[in-house]
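Given next are the chains, with one letter for each unit.
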Amino acid sequence: MPDRFDLPAGFRWGVATAAYQIEGAVEEDGRGPSVWDTFSARPGAVRDGHTGAVACDHYHRYPEDIALMEGLGLDGYRFSIAWPRVLPTGTATVNPAGLAFYDRLVDDLLAAGITPLPTLFHWDLPQALEDAGGWLNRDTAYRFAEYAAVVADRLGDRVPAWITLNEPFVHTVFGYALGTHAPGRALMFESLPAAHHQLLAHGLAASLLHERGLEVMLSNNLTPVWPASDSAEDGAAARAYDALHNRLFTDPVLLGTYPDLSALGVPDDIYGAIRPGDTDLIHTPGLDGLGVNYYNPTRIAAPTDPGLPFDLVDIPDVPHTAFGWPVVPDGLRQLLTGLKESYGAALPPITITENGCSVEESTTPDQPRIDFLAGHLDALAQAVAEGIDVRGYYTWSLIDNYEWSEGFSQRFGLVHVDFETQKRTPRASYAWYRDLIAVHRRRFAE
Ligand code: FCB
């Protein structure tokens, strides 16, 4: 029985998912195509040619999935809203059936005692907006703000807090710099206008959400950056990587400034994308909470290839997940205390909006996942003991799902999904998490 995680009263326990990874029903009830429908249909783009056309069929099976959440005793559920379900071409015409789906989901969550925590953009851009330039087009930021207002006007009476974007770093780098995610562009650093336009979208939407009395968060993928050695070269490379991965997506929001990207060869105005007043639009609305998605630290060495200012190198002598990601629970504590050092009073309360691991399907009884979660919750409790204000923890993920370019090969769920039959089978980690939540609640009920 896990009873050692010393987290505060009122700490919120949750799970996280995303629309394209679980919903399926991509052509149903008027949903428009997204960049992920297009990208996953491209031969060779996704492992085994998998697409999210059916995924976990959550669009039809959401009552069963809510029952699984109820069984865990969750406080909150982080899910994402599919922009192309609500606005099939990204703008102008609202699809009532799309909005109605999220309306039902929210009502059923509330009936189960679970607070909905929606993310407005988890990478499934309407294809029509991609055809007009996607996030490289400044206009997409304004379309996002309109979409945010449409959804907030419908659900804001029941949904108190909202996440604007999920991991703009990963979306920019994989989607626009390297081309391994949708929309599959490989522009290297010239992709960075897409980062600025997402941050602008966040700021514009945050203002509209605040006008409606709603709380706003942004979920960033953050990583402690470890130089591979004490050498000046490795140190400089690590600082360049930290600016790209962490600070580019956090400084503008919390401080109203962009980090120095000159080591990457990126001009101060990010190739003309930053216009006068933009940093105010991003910063002034403020952030009610920072969503932290943590998976692993990143170890950086000086470049061997002159094309890049850094090299990513493996972290030896630690376990690795089925995905090959190094398991370093203390990295979470380092990350959180590092955020406090960097941002001080400008750092809002933190919620861990993703953390989890993929485990080989054959592994029983799911011990690596339990060890992963236990280790990270220990590190989290340690960070709290060191003075970091952390309000909640949403593990990735409730159910096995579509892991982007890895297709269905990476299993991150507390619940196993048989993708042939859609049968859900809770794993040992499900019971472990349920018991942990119950123990935490009991401690404060006495
Ligand atoms: C994060 C994504 C999430 C999921 C996990 C494993 O980067 O936000 O959708 O794929 O990784």
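My aim in this report is to walk through the structure given alongside it, one point at a time. Remember, predicted model here, so these are calculated numbers, not experimental data. (Residues numbered from 1 in each chain as written. Predicted model: local features only at pLDDT ≥ 70, side-chain atom pairs only at ≥ 80, totals over all residues. Heavy atoms only, no water.)

Let's talk about unusual backbone geometry
Item 1. For the bond running from Ala182 to Pro183, omega is 5°, close enough to zero to count as cis.
Item 2. A cis amide bond links Trp396 to the next residue, Ser397, at an omega of 15°.
Item 3. Locating Ser397 in the fold gives a position in the loop between strand 11 (390–396) and strand 12 (415–418).
Item 4. For Trp123, which is not glycine, the phi torsion reads 85° and is therefore positive.
Item 5. With respect to the secondary-structure elements, Trp123 resides in the loop between strand 3 (115–121) and helix 6 (127–131).
Item 6. Positive phi values are uncommon outside glycine, yet Trp404 reaches one of about 50°.
Item 7. Its place among the elements puts Trp404 in the loop between strand 11 and strand 12. (Helix = DSSP H or I, 4+ residues; strand = E, 2+ residues; numbered from the N terminus.)

Some remarks on the pairing of strand 4 (residues 161–166)
Item 1. With 6 of its 6 residues buried, strand 4 lies for the most part within the structure.
Item 2. Bridge count between strand 3 and strand 4: 2 bridges; the pairing is parallel. Directly across from Thr119, in strand 4, lies its bridge partner Ile163.
Item 3. Alignment of strand 4 against strand 5 (residues 215–221), held across 4 bridges, turns out to be parallel. Its bridge partner lying in strand 5, Ile163 is registered against Met217. (Buried < 20%, exposed > 50% of the residue type's maximum accessible area, 1.4 Å probe, protein only. Pairing = 2+ DSSP bridges.)

Some points on the pattern of salt bridges
Item 1. Counting across every chain of the model gives 26 salt bridges.
Item 2. A salt bridge links Arg31 to Asp37; its shortest N-O distance comes to 2.9 Å.
Item 3. According to the relative accessible area criterion, Asp37 is buried, its value standing at 17%.
Item 4. For the salt bridge of Asp278 with Arg138, the shortest nitrogen-to-oxygen distance reads 2.9 Å. Placement of Asp278 in helix 11 (residues 278–283) and of Arg138 in the loop between helix 6 and helix 7 (139–155) is noted, with a sequence separation of 140 residues between them.
Item 5. In this structure Asp278 comes out as buried when scored by relative accessible area, which is 1%.
Item 6. Through salt bridges with shared partners, a single network forms among Asp103, Asp107, Arg154, Asp157 and Arg158. (Salt bridge = Lys/Arg side-chain N within 4 Å of Asp/Glu carboxyl O.)

Regarding the site of the ligand
Item 1. Every residue close to the ligand is listed here: Gln21, His122, Trp123, Asn166, Glu167, Tyr295, Glu354, Trp396, Glu403, Trp404 and Phe412.
Item 2. A distance of 2.9 Å is found between an oxygen atom of the ligand and a side-chain nitrogen or oxygen belonging to Trp404.
Item 3. Split by residue class, the shell around the ligand holds 5 nonpolar, 3 polar and 3 charged. (Near = heavy atom within 4 Å. Polar contact = N/O pair within 3.5 Å; in protein donor to acceptor, adjacent residues only side chain to side chain. Nonpolar A, V, L, I, M, F, W, Y, C, P; charged D, E, K, R; others polar.)

So, the packing of helix 13 (residues 367–385) against helix 14 (residues 428–445)
Item 1. Contact pair helix 13 / helix 14: the axes reach a minimum separation of 9 Å and the direction vectors enclose 30°. In terms of orientation, helix 13 and helix 14 fall into the roughly parallel class. Facing helix 13, whose interface residues are Arg369, Ile370, Leu373, Ala374 and Leu377, helix 14 presents Ala428, Ser429, Trp432 and Leu436.
Item 2. Here the contact of helix 13 with helix 14 is composed, by residue class, of 7 nonpolar, 1 polar and 1 charged. (Axes fitted to C-alpha atoms, helices over the stretch in contact; angles between N-to-C directions. Parallel < 35°, antiparallel > 145°, perpendicular 65-115°, else oblique. Contact = heavy atoms within 4.5 Å.)

Comments concerning the pairing of strand 5
The side chains of a regular strand alternate between the sheet's two faces.
Item 1. Here strand 5 lies mainly inside the structure; 6 of its 7 residues are buried.
Item 2. Examined bridge by bridge, strand 5 and strand 7 (residues 289–293) share 5 bridges and lie parallel to one another. The residue of strand 7 that forms the bridge with Ser219 is Gly291.

Here's the deal with the nonpolar core
Item 1. Counting residues in hydrophobic clusters, the biggest one holds 138 residues, and the most contacted among them are Leu336 and Tyr433.
Item 2. If you tally residues by element for this core, the top one is helix 10 (residues 232–254), at 10 residues.
Item 3. Core analysis: the next-biggest nonpolar cluster, separate from the first, contains 10 residues, Met217, Tyr295, Tyr394 and Trp396 among them. (Core = buried A, V, L, I, M, F, W, Y, C linked by side-chain atoms within 4.5 Å.)

A few points about the side chain of His171
Item 1. Position of His171 relative to the elements: it lies in helix 8 (residues 168–178).
Item 2. If sequence neighbours within four positions are ignored, His171 has contacts with Phe121, Trp123, Trp135, Tyr176, Ala182, Pro183 and Gln198.

What about the packing of helix 12 (residues 330–343) against helix 13?
Item 1. The interhelical angle for the contact between helix 12 and helix 13, taken along N-to-C directions, is 30°, at an axis separation of 7 Å. One element, helix 12, and the other, helix 13, form an angle in the roughly parallel class. Seen from above, helix 12 lies across helix 13 with right-handed handedness. For the pair helix 12 and helix 13, the contacting residues are Asp330, Leu332, Arg333 and Leu336 in the first and His376, Ala379, Leu380, Gln382 and Ala383 in the second.
Item 2. Of the residues assigned to the contact of helix 12 with helix 13, the class counts are 5 nonpolar, 2 polar and 2 charged. (Left-handed = near helix turned anticlockwise from the far one by under 90°.)

Some details on helix 13
Item 1. For helix 13, which comprises 19 residues, the first-to-last C-alpha distance of 27 Å matches the rise-based estimate of 27 Å (1.5 Å per residue) to within 8%.
Item 2. Inspection of helix 13 places Arg369, Ile370, Phe372, Leu373, Ala374, Gly375, His376, Leu377, Ala379, Leu380, Ala381 and Ala383 among the buried residues, and these make up the whole buried set.
Item 3. Those residues of helix 13 that are buried lie in contact with strand 1 (12–16), helix 12, strand 10 (350–354), strand 11 and helix 14.
Item 4. Residue Gly387 follows helix 13 closely and has a positive phi angle near 100°. (Expected span 1.5 Å × (residues − 1).)

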